[in-house]
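Spelled out, the chains give:
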Amino acid sequence: MMMRVTNKMLVNELNRNLSNNLWRMDKLQRQLSTTRRINTPSDDPAGLVKSLRLRTNLIEGEQYLRNIGESVSFLQTTDGALHNINEVMQRARVLTVQAASTNNPQAYSAIAQEIRELNEQLKLIANTTNGSKHIFAGSNVTEAPLQNGEWRGNQKDLEAEIGVGVKIPINIKIKDFFMGRLKDLYVDPLSGINPDKLEAQGLQEGDYLVSTANTLPPSEADEWRSLMGADNNPGAFFFNSAAEAAPIAVGNAATQQDSRYSGSLKIEVTAVDEAANTLTVNISGRVAIDSGAYQDINIAGLTMDMAAANDGAILTITAAQLAAGGLPGATQDLVIWNNSGAALGGIDDANPEFAVGNQTYIALSSAEANAVEAQSYLSSVPNNKAFFYEGDSTPARLGIGTAANQNDTPFSGSLLIEATRINPGDNTAVVNIKGHVYQSDGSYKYVEMEEVVIDMTRAAGEAILTIPASKLPGATQDLVIWNNSISGSALGGIYPYPGDPGVPADQLKYPLAVGDKTVISFSSPQTLPMNRVGINLQYPDTNGNKIDGGTFNFNRDAGSLNYDTEDFKFFTLNAKTGISYDGSITVEESQFAAVDRAVAFSYQMGVFEFLNDVSQKIELGRIPDVGNTLAGADIRLEEMLMHRSTVGARINRLELQDSRLTSTQLNFTELLSKNEDADLAEVIMNLKMQENVYNASLAAGARIIQPTLLDFLR
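Residues numbered from 1 in each chain as written. Predicted model: local features only at pLDDT ≥ 70, side-chain atom pairs only at ≥ 80, totals over all residues. Heavy atoms only, no water.

1. Observations concerning the pairing of strand β20 (residues 370–377)
Part 1 of the reasoning: Burial runs high along β20: six of the eight residues are buried.
Part 2 of the reasoning: The sheet contact formed by β20 and strand β29 (residues 517–523) spans seven bridges and is antiparallel. The residue bridging S376 from the neighbouring strand is T518, located in β29. (Buried < 20%, exposed > 50% of the residue type's maximum accessible area, 1.4 Å probe, protein only. Helix = DSSP H or I, 4+ residues; strand = E, 2+ residues; numbered from the N terminus. Pairing = 2+ DSSP bridges.)

So this is what it looks like as structure tokens:
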């Protein structure tokens, strides 16, 4: 069959081919103008996907390189700040050596002042910034870490991402260096105390032991755990029938409620005499006198009457046995007596049986409110290191209450008393008083009184000093420290000083002087079941020997410490240097639990406290103690060296990562170029070829398609 080719068909075919030629020329011209092979997705879909991946990698790499640059800058600023700290510490060490090598009081004052200025410089360095970021604030870089002596920064890592899934901390956790640290921290898991939230600040360097206890009314002793073997035992060591446990009490004698002892006793059976209804037992535990330090005691071979009548003594531990067993200073017997209203059940087949190895644990509570000199500093010590005394060698026993001769104070806490003037003529001392005072409900108030006159000859039962209710937390009654002498003696007064007329030289003494200090620890009586937190300090002297710095007891309403965070503030005092410390321990409890050794740690001062301590020792001329502080300076210089080495190691790592990423970026750029960039020589040659094709197409079309009359009519 014949097919006719019309002019229209020829024209259409020519136009289509010309359009194709123009499209190819346009594509080549775009490649030539952009120098890229891929300008639209249709140019190379697979190549475009590869390009997108490469570009993403390049963008990420550029961000990582920026992160590295900022991190290196941050760390270099940190290193500069650490270098400045190191220079300050080196200068402080040099000054300390100078102080230890001279005996000029004026030089001491000048050196101490320079060290205080260095300390102020350290406080400025602590708030160093890199741009707008505080370098020592942890992750909270927008807020100055040190504000008004408190640390507002955190201990979290500030991380920089320097690779896919690769992060590096760029900050140094330095809060402990500045503010102090808890070394060798131990927290008993049964105590309910959160070790992560345990903090301390402003403490004297030394070993601290925190104990927790459930205290009782003074008429009671609590049998809080027994380990018995008999099937018919009612779950108690003391009982008046096979099914009924017997309440017990503790005092100076049977039926008495005047025990000065608190703590806990473990009683273990070593022999059973069924015929005599007696047990031979060994006693161990931790016991304190009044608010004094808890001591470990061990006493063997005591006899217990397991058929004691109502109000009869079950177990008597004499004062001599207590002293020999590890409780020096014991002057009162400890008697556990039957407070059940009926005789104990004895030992026979009808009652629960006892066997060797049976045990019971007893909690004790003191009957009185307690006030004791936890630590004192005196220029001379003929009075046995006591600020208040009855004679040359007898420290006065203090009482505390709402009035003289009363033991009813609701407060716990500590007082720092410092003599500012001494008046031997009328036996008075003028003192300044500072105090941390707590109510049993947890309310707190800081007390400060100046120019308080104390009569140092107060008779037994008379008030020594009074803190008015207006200065106490939620109080309507005063807090009175009074002479609670057992012997009925008055305070010893103030002995003659050199220069007093008519006093023989061999009678001149120095019992009290301006600058002498004492810290009084006090606690409320256990008139109701309470929770007690006790804090004991032991600090080293210049020879490394441990000195008891006192025990501070805080009595709280039962259950008030459950699921609570509490700051326990107290004063301590170094008996050798006379320097006082205003410290605190912060404890977060879940369910309060009684544990003898709930928390133990050694406290190392922060650098601010350390330099302040050094400056005080130098100004006071305590040269042996100044020499010993060199070890503390060396420890802190060593810590700076460790921090700087950490910073240097991180900078090195960042520089290595920077080099690796730079190399990777070059590789990705080269791959992207190969994938996207056009071969310009080839593009030009192809463009020329397409132009020739296009021109040839136009010429051929002109020859084949002749003009018609219609073309002329247009």
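Having seen the model, we can carry on.
2. Some details on the sheet that holds strand β7 (residues 180–187)
Part 1 of the reasoning: Pairing is antiparallel in the open sheet, where five strands are placed in the order β7-β34-β9-β30-β31. Two strands lie at the open edges of the sheet, namely β7 and β31 (546–557), each paired on one side alone. Sheet twist, expressed as the average angle between the axes of neighbouring strands with direction ignored, equals 20°.
Part 2 of the reasoning: When strand β9 (residues 206–215) meets strand β34 (residues 595–605), the two strands line up antiparallel, connected through six bridges. The residue bridging Y208 from the neighbouring strand is F601, located in β34. (Axes fitted to C-alpha atoms, helices over the stretch in contact; angles between N-to-C directions.)

3. Description of the pairing of strand β32 (residues 565–573)
Part 1 of the reasoning: In terms of strand pairing, β32 meets strand β33 (residues 580–588) through nine bridges, oriented antiparallel. Of the residues in β33, the one forming a bridge with F571 is D582.
Part 2 of the reasoning: A loop of six residues connects β32 with β33, the two strands running antiparallel in sequence, and G578 in this loop sits at a positive phi of about 80°.

4. Details of the sheet that holds strand β18 (residues 334–338)
Part 1 of the reasoning: With antiparallel pairing, three strands are arranged side by side in an open sheet as β13-β18-β17. Sheet topology places β13 (248–251) and β17 (313–317) at the edges, where each strand pairs with a single neighbour. Ignoring which end each strand starts from, the neighbouring axes of this sheet average 15° apart.
Part 2 of the reasoning: In this sheet, β18 lies alongside β17 in antiparallel orientation, the contact comprising four bridges. Looking across to β18, one finds that A313 is bridged to W337.

5. Let's talk about the packing of aromatic side chains
Part 1 of the reasoning: Tallying each qualifying case throughout the model produces ten aromatic pairs.
Part 2 of the reasoning: Pairing F554 with F568 gives two aromatic rings, centres 5.1 Å apart and planes at 50°, and the pair type is tilted. Taken together, the positions of F554 in strand β31 and F568 in strand β32 put the pair 14 residues apart, joining distant regions of the chain.
Part 3 of the reasoning: An aromatic cluster is built from F136, W151, F177, F178 and F608, whose rings are joined through pairwise contacts.
Part 4 of the reasoning: When the ring centre of F610 is taken as reference, the NZ or CZ atom of R636 above it lies at 4.0 Å. (Phe/Tyr/Trp six-rings, centres within 6.5 Å; stacked < 30°, edge-to-face > 60°. Lys NZ or Arg CZ within 6 Å of the ring centre and 35° of its normal.)

6. Comments concerning the environment of G401
Part 1 of the reasoning: Structurally, G401 can be placed in strand β23 (residues 398–401).
Part 2 of the reasoning: Overall, G401 belongs to the buried group, its relative accessible area being 0%.
Part 3 of the reasoning: With residues near it in sequence (within four places) discarded, G401 still touches Q406, D408, T409, D478, L479, V480 and W482. (Contact = heavy atoms within 4.5 Å.)

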